[in-house]
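# Report on the structure
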Amino acid sequence: MDVEAIGRMESARRRWTFRSVVCLVAAALLLPAHVPAQKPTDYDVKAAYLFNFGKFLRQPDTLHQPSFDICVLGHDDFAGALEKLTANEQLNGVPERTIHVETAAAARRCAIVFISGSEADRLKQDLTDLTGYPVLTVSDVPHFVERGGMIAFETQAKHVRFLVGLDAVTKAKLGLSSELLKVALAVSGGPQWRTQ
């Protein structure tokens, strides 16, 4: 965690922040108790981010789903980390689930979809298939935000960070908390959902 990020978080609020929660979740929940502490993998950290994004996501009031589904489209590089995080968890009174989907059309019922790198050649079509649906799209495919995605993971100085494309978020009738946006590496477009 760099000094600049720490300063932004401390000035934003004098409480645990999103980034702290992600680090704790990645370090504590993903590793079995009997295994000596070790550094979480990049995909452990990405899983923790995905799990926590839901807490900072505002969906349309008319959307009433029986569960909060975090979906993986394409090859699953998480090695069960997402399943461990969502097991027996609830968000806004509904169970959280991890689901693996074969097509973008199948991901339309998801709250969040992680588009794997194995989908890089189909990314344009995947995003087209999700257009108009209130699904938060997340990926680590290069230039994801520039290509129309909502949140892109990037690894910088051995830390997983994320960028946000607010135009795509707004088009999907979604909102993201300003607390999430404050810890993003970069935010493009607008407008954004602000919390007090």
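Read on for a plain summary of the structure. (Residues numbered from 1 in each chain as written. Predicted model: local features only at pLDDT ≥ 70, side-chain atom pairs only at ≥ 80, totals over all residues. Heavy atoms only, no water.)

### A few points about the pairing of strand S8 (residues 159-165)
Note the threshold: For every residue, the accessible area obtained with a 1.4 Å probe (protein chains only) is divided by the maximum for its type, and the residue is called buried under 20%, exposed over 50%, and partly exposed between those limits. The helix and strand labels rest on DSSP assignments: H or I over at least four residues marks a helix, E over at least two residues marks a strand, and numbering proceeds from the N terminus. Strand pairing is assigned whenever DSSP detects at least two bridges linking the two strands.
Most of S8 is tucked away: six of the seven residues are buried. Inspection of the sheet shows strand S7 (residues 151-156) paired to S8 by six bridges, in the antiparallel sense. Among the inter-strand pairings, Ala152 is bridged to a residue of S8, identified as Leu163. With three bridges connecting them, S8 and strand S10 (residues 186-188) associate as parallel partners. What sits directly across from Val164, in S10, is Val187.

### A word on the nonpolar core
As a reminder, the rule being used: Residues belong to one nonpolar core when they are buried, are Ala, Val, Leu, Ile, Met, Phe, Trp, Tyr or Cys, and are joined through side-chain atoms within 4.5 Å. Contact definition: two residues touch when any of their heavy atoms are within 4.5 Å.
Residues Leu50, Phe53, Ile112, Leu136, Phe162 and Leu176 are the most contacted members of the largest nonpolar core, which totals 38 residues. It is helix H3 (residues 42-53) that provides the largest number of residues to this core, a total of seven residues. When residues no more than four places from it in sequence are discounted, the contact partners of Leu50 are Ile70, Phe78, Leu82, Ile112, Phe114, Val138 and Phe153. The next biggest cluster of nonpolar side chains, apart from the first, holds 18 residues, and it includes Cys71, Ala104, Phe144 and Val145.

### Regarding helix H5 (residues 123-130)
Put simply, the test is: This arc corresponds to the set of directions leading from the helix axis out to the C-beta atoms.
Listed in full, the buried residues belonging to H5 are Leu123, Asp126, Leu127 and Leu130. Viewed along the axis of H5, the buried residues span an arc of 95 degrees, placing them on a single side of the element. Here the buried face of H5 lies against strand S2 (68-73), strand S5 (112-115) and strand S6 (136-139). The positive-phi residue at the C-terminal boundary of H5 is Gly132, with phi of around 90 degrees.

### Overview of the side chain of Lys46
By the secondary structure assignment, Lys46 is in helix H3. Not counting residues up to four positions away in its chain, the partners in contact with Lys46 are Phe78, Asp140, Phe153 and Val160.

### Some details on the packing of aromatic side chains
As a reminder of what qualifies: Classification of ring pairs rests on two measures: the distance between centres of Phe, Tyr or Trp rings, Trp counted by its six-membered ring, which must be within 6.5 Å, and the angle between planes, read as stacked under 30 degrees, edge-to-face over 60 and tilted in between.
Following the criterion strictly, the structure yields eight aromatic pairs and no others. Judged by centre distance (5.9 Å) and plane angle (25 degrees), the ring pair of Tyr49 and Phe53 falls under stacked. Here Tyr49 and its partner Phe53 are both found in helix H3, four residues apart, which amounts to about one turn of the helix. On the accessibility criterion, Tyr49 (2% relative accessible area) is buried. Centre to centre, the rings of Phe53 and Phe153 are 6.1 Å apart; their planes meet at 15 degrees, and the pair counts as stacked. Of the two residues, Phe53 sits in helix H3 while Phe153 sits in strand S7, which places them 100 residues apart along the sequence. Since its relative accessible area comes to 1%, Phe53 is described here as buried. Taken together, the ring pairs connect Tyr43, Tyr49, Phe53, Phe78, Phe114, Phe153 and Phe162 into an aromatic cluster.

### As for the pairing of S6
Short version of the rule: When the strands point away from the viewer, a crossover counts as right-handed if the path from the first strand over the helix to the second runs clockwise.
Neither face of S6 is exposed, since Leu136 and Val138 on one face and Thr137 and Ser139 on the opposite face are all buried. As paired strands, S5 and S6 are joined by four bridges and run parallel to one another. For Val113, the partnering residue across the bridge sits in S6 and is Thr137. The β-α-β motif built from S5, the intervening H5 and the parallel element S6 has right-handed crossover chirality. Of the strand pairs in this sheet, S6 and S7 are connected by two bridges, and their pairing is parallel. Residue pairing across strands places Val138 opposite Ile151, the latter belonging to S7.

Purely geometric numbers; function is a separate question.
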